[in-house]
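Observations on the model geometry
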Amino acid sequence: MARVHNFYAGPAALPLEVLEETRDELLEFRGSGVSVMETSHRSKEFDALHNETIGLFKELMGLGDNFKVLLLQGGASLQFAMVPMNLLGEGKSADYIQTGSWSKKALKEAKLFGTVRVAGTTEKDGVFRSIPKQEELDLDPNAVYCHLTSNNTIFGTQWRQFPDTGGVPLVADMSSDILSRAVDPAPFGIIYAGAQKNLGPSGVTVVAIRDDLLEKCSKDTTTMLNYHTHADKNSLFNTPPCLAIYILHKVLNWTKKQGGVASLEKINDAKAKLIYGAIDGSNGFYNCPVEKDSRSYMNVVFRLPTEELEKKFAGEGLAAGFLGLKGHRSVGGIRVSMYNANGLESVKDVVGFMKDFAAQNS
Ligand code: PMP
């Protein structure tokens, strides 16, 4: 068996020990005599796992008892609709900050449910290269919430510091940088993330919702898309994605064992310094189109002098054991996605490859 360095943007690398444990326990889950895929979601074994998962997530995120953590399905994309469906309505308005493809998709859904304002955008000629500065935002003090995407997986930008909304709750899509760094949860009313980058496999979406926002949610929304349904039933209203939650539990345990977000943040900082250092020190062979203070520490995007060289880079990279280096199909170029499970060694190796490639092709 030869495992390669996995730089896919998502689904993405999982910690090896999580995969090994899953393999070892696949036939029998917690002494129940059956696999986790075969046990009832009402069994005492699954119930314990489910509650431990929620507890671990709250602990790692530093969430207080004023947050409910929901384990849902439908991906982050369904949250684009659920958030406005539950919180907008007659006489209510929400702010949306536009920083990339996913925030545009969130805005598109919100428009179906009520009044929305674009409170800031960095789109120029169809592309995004930065995160707006505080003074560039036009925030509505009466908005029900202000939505943003904390890390833009496709354009490789990331909020390094969240905006001050003057008390309007932030609703954040943290799909591609959740648990990668310490975040003060105080300004957030809702944090959501599809699991398939820093949390586990696809199939489960984690939503943390603050009690005061939950209280503001409509009671009339269709049952399965109503936050109250899932909050009232501890996300066990219907059958949850048991296997995905089981692996999420393992990834959260692994995250805790690494020392939690504070330790992972240091490693992620070191990884970012290394790769951006290689880009900036390449005499223009590699070029990162993102403004320096907006660069993502999770998804590093860059260009080479020609598209032919980019193709060659991705192809030779693959042959050398670096998977997923091609940029998103909508923007081209190269993208190195380095989530928590991609260790410093992996990034050192790809940086070594980048240096060799530049030397041979400049
Ligand atoms: N938001 C962001 C920031 C993403 O990166 C993605 C997926 N790559 C999504 C939303 C969509 O997530 P899902 O596929 O879980 O709906």
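Residues numbered from 1 in each chain as written. Predicted model: local features only at pLDDT ≥ 70, side-chain atom pairs only at ≥ 80, totals over all residues. Heavy atoms only, no water.

**Quick word on the domain arrangement of the protein**
In terms of domains, the protein is made up of domain 1 (16-257) and domain 2 (260-361). Using only C-alpha atoms to locate each centre, domain 1 and domain 2 end up separated by 27 Å. With 25 residues of domain 1 at the contact, the number on the domain 2 side is 24 residues. Its largest share of buried area at the contact with domain 2, domain 1 owes to R129, I154 and R160, together 25% of the area lost on that side. On inspection of domain 1 and its partner domain 2, the count reaches one salt bridge. Between K133 and D293 there is a salt bridge, with the nearest N and O atoms lying 3.7 Å from each other. Ranked by residue count, the leading element in the side of domain 1 that touches domain 2 is helix 7 (residues 242-257), at three residues. Tallied by class, residues from the side of domain 1 that touches domain 2 come to eight nonpolar, 10 polar and seven charged. (Domains from an automatic or database assignment. Contact = heavy atoms within 4.5 Å. Buried area = accessible area lost by both parts, 1.4 Å probe. Salt bridge = Lys/Arg side-chain N within 4 Å of Asp/Glu carboxyl O. Helix = DSSP H or I, 4+ residues; strand = E, 2+ residues; numbered from the N terminus. Nonpolar A, V, L, I, M, F, W, Y, C, P; charged D, E, K, R; others polar.)

**Concerning the sheet that holds strand 4 (residues 115-121)**
Spatially, the seven strands line up as an open sheet ordered 2-12-11-10-7-3-4, and their pairing is mixed. Both edges of this open sheet fall to strand 2 (67-72) and strand 4, since each of them pairs with a single strand only. Pairs of neighbouring strands in the sheet enclose a mean axial angle of 20°, with direction left out of account. (Pairing = 2+ DSSP bridges. Axes fitted to C-alpha atoms, helices over the stretch in contact; angles between N-to-C directions.)

**Considering the site of the ligand**
Taken together, 13 residues are adjacent to the ligand, and S77, T153, D173, Q196 and K197 come closest. Note that an oxygen atom of the ligand is positioned 3.4 Å from one of the side-chain N or O atoms of W102. Compared with its free state, where it exposes 400 Å², the ligand has 85% of that area covered by protein. No other element matches helix 3 (residues 75-87), which puts four residues into the shell around the ligand. (Near = heavy atom within 4 Å. Polar contact = N/O pair within 3.5 Å; in protein donor to acceptor, adjacent residues only side chain to side chain. Areas by Shrake-Rupley, 256 points an atom, 1.4 Å probe, with all protein chains shown as cover.)

**Focus on a nonpolar patch on the surface**
On the surface, L26, L27 and M37 cluster together into a nonpolar patch covering about 330 Å² of accessible area. Tracing the backbone shows L26 in the loop between helix 1 (16-25) and helix 2 (44-61). (Patch = residues over 30% accessible without salt bridge, like charges linked within 9 Å, V, L, I, M, F, W, Y side chains within 5 Å.)

**Section: the nonpolar core**
F57, V69, L71, I178, L179, L199 and L252 are the most contacted members of the largest nonpolar core, which totals 50 residues. Breaking this core down by element, the ones donating at least two residues are helix 2, strand 2, strand 7 (146-149), strand 10 (170-173), strand 11 (188-194), strand 12 (205-210), helix 7 and helix 8 (260-280). Looking at which element gives the most residues to this core, the answer is helix 7, with nine residues. Counting residues in hydrophobic clusters, the runner-up holds 29 residues, among them I275, I279, C288 and V347. (Core = buried A, V, L, I, M, F, W, Y, C linked by side-chain atoms within 4.5 Å. Buried < 20%, exposed > 50% of the residue type's maximum accessible area, 1.4 Å probe, protein only.)

**Thoughts on the pattern of salt bridges**
Side chains that carry opposite charge are capable of pairing whenever their charged atoms lie near each other. Using the criterion set out here, one finds 19 salt bridges in the structure. Where D24 meets R23, a salt bridge forms, and the shortest distance between an N and an O atom there is 3.1 Å. We note a salt bridge from D177 to R181, for which the minimum N-O separation is 3.0 Å. Judged by its relative accessible area of 3%, D177 falls in the buried class. Each member of the salt-bridge network shares a partner with another, and the members are E21, E25 and K250.

**A look at unusual backbone geometry**
A negative phi holds for most residues other than glycine; trans holds for most peptide bonds. Cis rather than trans, the peptide bond between G10 and P11 has omega equal to -5°. Relative to the helices and strands, P11 resides in the loop between strand 1 (5-6) and helix 1. A positive phi angle is found at L179, which is not glycine, with a value near 65°. Position of L179 among the secondary structure elements: in the loop between strand 10 and strand 11. One non-glycine residue, N283, lies in the positive phi region at around 55°. Topologically, N283 is positioned in the loop between helix 8 and strand 13 (299-302).

**Quick word on the packing of aromatic side chains**
Counting across every chain of the model gives 15 aromatic pairs. Centre to centre, the rings of F322 and F353 are 5.5 Å apart; their planes meet at 35°, and the pair counts as tilted. In this pair, F322 is assigned in strand 14 (residues 322-323) and F353 in helix 10 (residues 344-361), connecting sequence segments 31 residues apart. No difference in accessibility class separates F322 from F353, as the two residues are buried. Taken together through their ring pairs, the aromatic side chains of F7, F285, Y286, F302, F313, F322, F353 and F357 make up a single cluster. Positioned above the aromatic ring of Y297 is the side chain of R160, whose terminal nitrogen or guanidinium carbon lies 3.6 Å from the ring centre. (Phe/Tyr/Trp six-rings, centres within 6.5 Å; stacked < 30°, edge-to-face > 60°. Lys NZ or Arg CZ within 6 Å of the ring centre and 35° of its normal.)

**Some remarks on the packing of helix 8 against helix 10**
In the contact formed by helix 8 and helix 10, the axes pass within 10 Å of each other and the chain directions differ by 0°. By the angle between their directions, the pair helix 8 and helix 10 is classed as roughly parallel. Across the interface between the two elements, I267, A270, K271, L274, I275, A278 and I279 from helix 8 touch L344, V347, K348, V350, V351, M354 and K355 from helix 10. (Parallel < 35°, antiparallel > 145°, perpendicular 65-115°, else oblique.)

**Quick look at the confidence of the model for the protein**
A residue-level look at the protein finds 100% of positions with pLDDT of 70 or above and a mean pLDDT of 97. Ranking the helices and strands of the protein by mean pLDDT puts strand 10 first, with 99, and strand 1 last, with 96. (pLDDT = per-residue confidence, 0-100.)

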